[in-house]
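Summary of structural features
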Amino acid sequence: MALLFLAAGRDPAPWRDAFAASAPDEAFRVWPDAGDPAEVEAVIAWGAEPGALARFPRLRFVTSLGAGVEHILADPTLPAGLPVLRVVDPLLTEGMAQYCVYAVLRLHRRWDLYDRAQAERRWVRYEQVPTAERRIGILGLGALGSAAGRAIAGLGFPVTGWSRTPRRVTGLETVHGPEALGPFLARTDILVCLLPHTPATAGLLDARRLALLPAGAAIVNAGRGSLIDEAALLAALESGRIGAAMLDVFATEPLPAGSPLWDHPAVTVTPHVASISEPRSIVAQILENLRRARAGEPLLNRVDPARRY
Ligand code: NDP
Ligand code: OXD
């Protein structure tokens, strides 16, 4: 029986090494060299072409290479009932908390403006807002949003988090549900987006909702590009309604060379690296799920197909 690595554009070598170190007896194959399809027990997927997973008749589960699973759920031929798993991993969480802390501090202390001033050889001082007066809002209080929120709150910022269902996170005020979104946005100076892509979150931050943020508010998006209407964001940045953005995820990735976001003076772009899966850490979770699947035990980090995250 075998594990199959099916991740377009990702280097399989560190995954092969990590499996070899932790489970030398498990066969590790790399697409398209899948061998006998009936031997494939688990697929580690990222951006698999539609129809690929339906080829393996004895598949026990498919796991995303990362936290997001929309790339798997988008396959219309995904076998019904096939467990879809996502990554929940301490190093992935640590990396995301670091990215969000950095982004919030960058925007709070206006390092984006100082970078520009240095490039233009301008000696200029910007207002320093007290930490307690900078209101941070986190969209999404899952594994990543709650850790990022705690880390930001730990620096002294007042942090409010928004989720679909009621959540308690130490150090944060929490609100939930569609009716709470407008008032939440209206009192958020720096908005950190850590929602998954689902039919309910796609296009959530459209022109109308962006306009609810206080004038000059800043946005960090490390969730998914589809959460924000990019044209509406650009218009809000152009008008100064939104003061700055730090974006890690985009409607189209890689961000096309012609996108105006690349050289917009109020935008910092990072290439979907807010947090990167570390195979040596994640392999343990995949192997545990393989053990559970073989033993008929419930799997860890299983995605609810109805919620789609
Ligand atoms: P989780 O599934 O643990 O958490 C998702 C959160 O979003 C939950 O709090 C959930 O609410 C909330 N949510 C989902 N739908 C809605 C909705 N319609 N309205 C309000 N809240 C909603 O996900 P993770 O925290 O592990 O990951 C979040 C996302 O981060 C991933 O899906 C991925 O897209 C992105 N990501 C980006 C990376 C990068 O490098 N840029 C790296 C890793 C992940 P509730 O708590 O009520 O269920
Ligand atoms: C993601 C990830 O889901 O990289 O974006 O884990």
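For the structure itself, consult the block above.
Residues numbered from 1 in each chain as written. Chains lettered and ligands numbered in written order. Predicted model: local features only at pLDDT ≥ 70, side-chain atom pairs only at ≥ 80, totals over all residues. Heavy atoms only, no water.

Another point: the site of ligand 2. Surrounding ligand 2, one finds Trp46, Gly66, Ala67, Gly68, Arg224, His272 and Ser275. Separating an oxygen atom of ligand 2 from a side-chain N or O atom of arginine 224 is a distance of 2.8 Å. Starting from 210 Å² of accessible surface for ligand 2 in isolation, the protein chains cover 87%. Taking a 2 Å distance to the grid points as the criterion, the majority of the atoms of ligand 2 fall inside the largest pocket. Here the shell around ligand 2 is composed, by residue class, of two nonpolar, four polar and one charged. (Near = heavy atom within 4 Å. Polar contact = N/O pair within 3.5 Å; in protein donor to acceptor, adjacent residues only side chain to side chain. Areas by Shrake-Rupley, 256 points an atom, 1.4 Å probe, with all protein chains shown as cover. 1 Å grid on protein atoms, 1.4 Å probe; cavity = no way out; pocket = protein on both sides within 12 Å on 5 of 7 lines; lining within 4 Å. Sits in = over half its atoms within 2 Å of the grid points. Nonpolar A, V, L, I, M, F, W, Y, C, P; charged D, E, K, R; others polar.)

This part covers the sheet that holds strand β7 (residues 159-163). Strand order in the open sheet made by the seven strands is β8-β7-β6-β9-β10-β11-β12, with parallel pairing throughout. Sheet topology places β8 (173-176) and β12 (267-269) at the edges, where each strand pairs with a single neighbour. The sheet shows a mean angle of 15° between the axes of neighbouring strands, direction not considered. The sheet contact formed by strand β9 (residues 190-193) and strand β10 (residues 217-221) spans four bridges and is parallel. (Pairing = 2+ DSSP bridges. Helix = DSSP H or I, 4+ residues; strand = E, 2+ residues; numbered from the N terminus. Axes fitted to C-alpha atoms, helices over the stretch in contact; angles between N-to-C directions.)

On to the nonpolar core, then. Judged by nonpolar contacts, the single largest core of 31 residues is most densely connected at Leu139, Trp162, Leu191 and Ile219. Looking at this core, the elements with two or more residues in it are α6 (178-186), β9, β10, α8 (230-239) and β11 (242-247). Element by element, the count of residues in this core is highest for α8, at five residues. Ignoring any residue separated from it by four or fewer positions in sequence, one finds leucine 139 in contact with Trp162, Leu181, Phe184, Leu191, Val192, Cys193, Leu194, Leu195, Leu204 and Leu205. Core analysis: the second largest hydrophobic core is formed by 27 residues, Ala103, Leu194, Ala222 and Ala244 among them. (Core = buried A, V, L, I, M, F, W, Y, C linked by side-chain atoms within 4.5 Å. Buried < 20%, exposed > 50% of the residue type's maximum accessible area, 1.4 Å probe, protein only. Contact = heavy atoms within 4.5 Å.)

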